[in-house]
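One-letter residues, chain by chain:
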Amino acid sequence: MSQQPVLLPYADPDFLTDPFPFYRQLRDEGPVRRAVIAGGLEAWLVTRYEDALAALSDPRLSSDIRDASDPRLMQQLPATERESFLSTMLRADPPDHTRLRRLVSKAFTARRVAELRPRVQVISDRLLDAVVPTGRADLITDFALPLPVTVISELLGVPSTDRHEFQHWTDEMIRRGSEPPDPAVVDGAWRHMRSYLTGLLQAKRDRPADDLLSALIVARDEEQRLDEDELVAMTFLLLVAGYITTVNLIGGGISALLAHPDQLRSLRDDPALLPDAIEEFLRYDGPVNPGIARFAREDVEIAGVTIPRGATVVVASAIADRDPARFADPDLLDITRRDNAHLAFGHGIHYCLGAPLARLEGQVAIGTVLRRLPDLALAVPPGELRWRPSGLRGPEHLPVTFTPDRLPVDSSA
């Protein structure tokens, strides 16, 4: 079956604001579509839920970018550090993925995440203490960004004085748009990041602490442990994955509530709905857009379409999570939705290891905003919100107004 690739219109502000009518049309036209995505790269989009679910567990679809036939994908990575940049479980297949995930799981335990809830609450309240007297805030720069940055930094053991730098380097490395990233900028940012992380890991070896980096250094699987490149790459992955998508979950969730006043009222009236609300935000307009990249190790047939070896496949979770064959009223935001097996965190062996932390931060953050900022409203018309161009979806800024409150909260009491 031959198709002309469809261009995803990342330069169109209307598409960035609401890509879902366009996505709906793609899904209706066919379950697998050739498309030109960010940076002019071509990919095959898997748009229907059942096909996407199967694709995420298909061993013929690799996570390793070295299986891609398009050389531009590798060229977008830091030239001098490509091997270490790829030494993460995100870009590994079994058996390397199995070993890496097992080692990290030993340090990134459910108990460690669950114990963070009081600290996440303290950080949330302290951030809001700075804005509640003013009646105005940008909930991205003032809250949704610094919260997960602080949480993952404390979890890993990154000194507070260094957080601004690693955030800047990360932004340079993952900046997305309609144009390819500047390889020189990416390479420079990665050099700075690698140098910093190497020094930080050595400091943890010399003086271990009760933090995730120290735990990763000593984690063993039989007689194997993470080598230096794997440690640096894993630290980078945890830093990036630990805050970028969570920023978008918090910002996107709050913007969805502001666009749906009935859902906002329901959640204010019954905060016990927060866990279900977080799952619905992830399904309805999740932080990854349009989906998760894979690379065909061989010719692969999906829904009657043959995808050639080496092709980039995007398992379009953002499109599949609104498939009416799987979800009733998929374009309706419903925070009481129960049957909500969305694909925002992936599926199978690559299911997001940080999902429990993202859920925890989302629940605490959004719950605290609703509790502490009465009469919350957008400070600009909805059409003036700017959304990230591609890859990761969320509002770049979220200006809001609310009724001021002069009294800070002592959540450490």
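In this text the structure is predicted, and so the values were computed from the model without any measurement.

Criteria and thresholds
- Residues numbered from 1 in each chain as written.
- Predicted model: local features only at pLDDT ≥ 70, side-chain atom pairs only at ≥ 80, totals over all residues.
- Heavy atoms only, no water.
- Helix = DSSP H or I, 4+ residues; strand = E, 2+ residues; numbered from the N terminus.
- Buried < 20%, exposed > 50% of the residue type's maximum accessible area, 1.4 Å probe, protein only.
- Areas by Shrake-Rupley, 256 points an atom, 1.4 Å probe, with all protein chains shown as cover.
- Pairing = 2+ DSSP bridges.
- Contact = heavy atoms within 4.5 Å.
- Polar contact = N/O pair within 3.5 Å; in protein donor to acceptor, adjacent residues only side chain to side chain.
- Expected span 1.5 Å × (residues − 1).
- Axes fitted to C-alpha atoms, helices over the stretch in contact; angles between N-to-C directions.
- Parallel < 35°, antiparallel > 145°, perpendicular 65-115°, else oblique.
- Core = buried A, V, L, I, M, F, W, Y, C linked by side-chain atoms within 4.5 Å.
- Phe/Tyr/Trp six-rings, centres within 6.5 Å; stacked < 30°, edge-to-face > 60°.
- Lys NZ or Arg CZ within 6 Å of the ring centre and 35° of its normal.

1. Description of the overall build of the protein chain
Okay, step 1: Check the secondary structure of the protein chain and you find 19 helices and 13 strands.
Okay, step 2: The 413 residues of the protein chain split such that 56% are buried.
Okay, step 3: In the structure as shown, the protein chain presents an accessible area of about 17900 Å², 52% of it carried by carbon and sulfur atoms.

2. Considering the sheet that holds strand E5 (residues 136–138)
Okay, step 1: The strand order across the open sheet built from three strands is E5-E13-E11, with neighbouring strands paired in antiparallel fashion. Each of the sheet's edge strands pairs with one partner strand only, and the pair in question is E5 and strand E11 (377–378).
Okay, step 2: Pairing analysis gives two bridges linking E11 to strand E13 (residues 399–401), with the strands arranged antiparallel. Its bridge partner being in E13, Ala377 is matched across the sheet by Thr401.

3. A word on the environment of Phe20
Okay, step 1: Inspection of the secondary structure assignment puts Phe20 in helix H2 (residues 20–29).
Okay, step 2: Phe20 gets classed as buried once you look at its relative accessible area, which sits at 5%.
Okay, step 3: For Phe20 and Ile319, which are 299 residues apart along the polypeptide, the C-alpha to C-alpha distance reads 7.4 Å.
Okay, step 4: Ignoring any residue separated from it by four or fewer positions in sequence, one finds Phe20 in contact with Tyr284, Asp285, Ala318, Arg322 and Arg393.

4. Details of the sheet that holds strand E10 (residues 312–315)
Note on sheets: strands pair through backbone hydrogen bonds, and any given pair is parallel or antiparallel.
Okay, step 1: Strand order in the open sheet formed by six strands is E1-E2-E3-E10-E7-E4, with mixed pairing between adjacent strands. Unpaired on one side and paired on the other, strand E1 (6–7) and strand E4 (61–62) mark the two borders of the sheet.
Okay, step 2: The sheet contact formed by strand E3 (residues 42–46) and E10 spans three bridges and is parallel. Within E10, the position partnered with Trp44 by the bridge is Val313.

5. Some points on the environment of Ala256
Okay, step 1: Along the chain, Ala256 turns up in helix H15 (residues 244–259).
Okay, step 2: Along the chain, Ala256 and Asp285 lie 29 residues apart, while their C-alpha atoms are 8.1 Å from each other.

6. Overview of the side chain of Thr235
Okay, step 1: Counting through the fold element by element, Thr235 comes out in helix H14 (residues 228–241).
Okay, step 2: Note on Thr235: relative accessible area 0%, which makes it buried.
Okay, step 3: Here Leu231 takes part through its backbone oxygen, which lies 2.7 Å from a polar atom of the side chain of Thr235.
Okay, step 4: Setting aside residues up to four positions removed in sequence, Thr235 forms contacts with Leu156, Leu197, Leu201 and Leu213.

7. Examining helix H8 (residues 117–129)
Okay, step 1: Here H8 spans 18 Å end to end across 13 residues, near enough to the 18 Å set by a 1.5 Å rise per residue.
Okay, step 2: Those residues of H8 that sit buried are Val120, Val122, Ile123, Ser124, Asp125, Leu127, Leu128 and Asp129.
Okay, step 3: Buried-residue contacts for H8 involve helix H9 (140–144), helix H10 (146–156) and helix H19 (355–372).

8. Some points on the packing of helix H12 (residues 183–206) against H14
Okay, step 1: Running from N to C, H12 and H14 cross one another at 110°; their axes reach a closest spacing of 10 Å. Classed by the angle they form, the pair H12 and H14 counts as roughly perpendicular. Facing H12, whose interface residues are Trp190, Met193, Arg194, Leu197, Thr198, Leu201 and Arg205, H14 presents Glu228, Asp229, Leu231, Val232, Thr235, Phe236 and Leu239.

9. Some details on the nonpolar core
Soluble, globular proteins show a tendency: their nonpolar side chains are buried together.
Okay, step 1: Judged by nonpolar contacts, the single largest core of 112 residues is most densely connected at Leu139 and Phe281.
Okay, step 2: Of all the elements, H19 adds the most residues to this core, at nine residues.
Okay, step 3: Counting residues in each nonpolar core, the second largest holds 20 residues, with Val46, Ile307, Val315 and Ala320 among its members.

10. Let's talk about H15
Okay, step 1: In this model, H15 (16 residues) spans 23 Å end to end at C-alpha, consistent with the 22 Å of a helix rising 1.5 Å per residue.
Okay, step 2: Buried residues dominate H15, accounting for 14 of its 16 residues.

11. Brief notes about the packing of aromatic side chains
Okay, step 1: Using the criterion set out here, one finds seven aromatic pairs in the structure.
Okay, step 2: When the ring of Phe15 is compared with that of Tyr23, the centres are 5.7 Å apart and the planes differ by 90°; the resulting orientation is edge-to-face. Each member of the pair, Phe15 as well as Tyr23, is classed as buried.
Okay, step 3: On the basis of an interplanar angle of 70° and a centroid distance of 6.2 Å, the ring pair of Phe345 and Tyr351 is categorised as edge-to-face.
Okay, step 4: Residue Phe345 is classed as buried on the basis of its relative accessible area of 11%.
Okay, step 5: Joined through ring pairs, the aromatic side chains of Tyr10, Phe15, Phe20, Phe22 and Tyr23 make up one cluster.
Okay, step 6: Over the face of the ring belonging to Tyr284 we find Arg322, whose NZ or CZ atom lies 4.0 Å from the ring centre.
Okay, step 7: Positioned above the aromatic ring of Phe327, the side-chain terminus of Arg326 is 4.9 Å from the ring centre.

12. Details of the pairing of strand E7 (residues 292–296)
Okay, step 1: Within E7, four of the five residues are buried, which leaves it mostly tucked inside the rest of the structure.
Okay, step 2: Here E4 runs beside E7; their pairing, made up of two bridges, is antiparallel. Directly across from Leu61, in E7, lies its bridge partner Ala296.
Okay, step 3: When E7 meets E10, the two strands line up antiparallel, connected through four bridges. Looking at E10, one finds that Ala293 is bridged to Val314.

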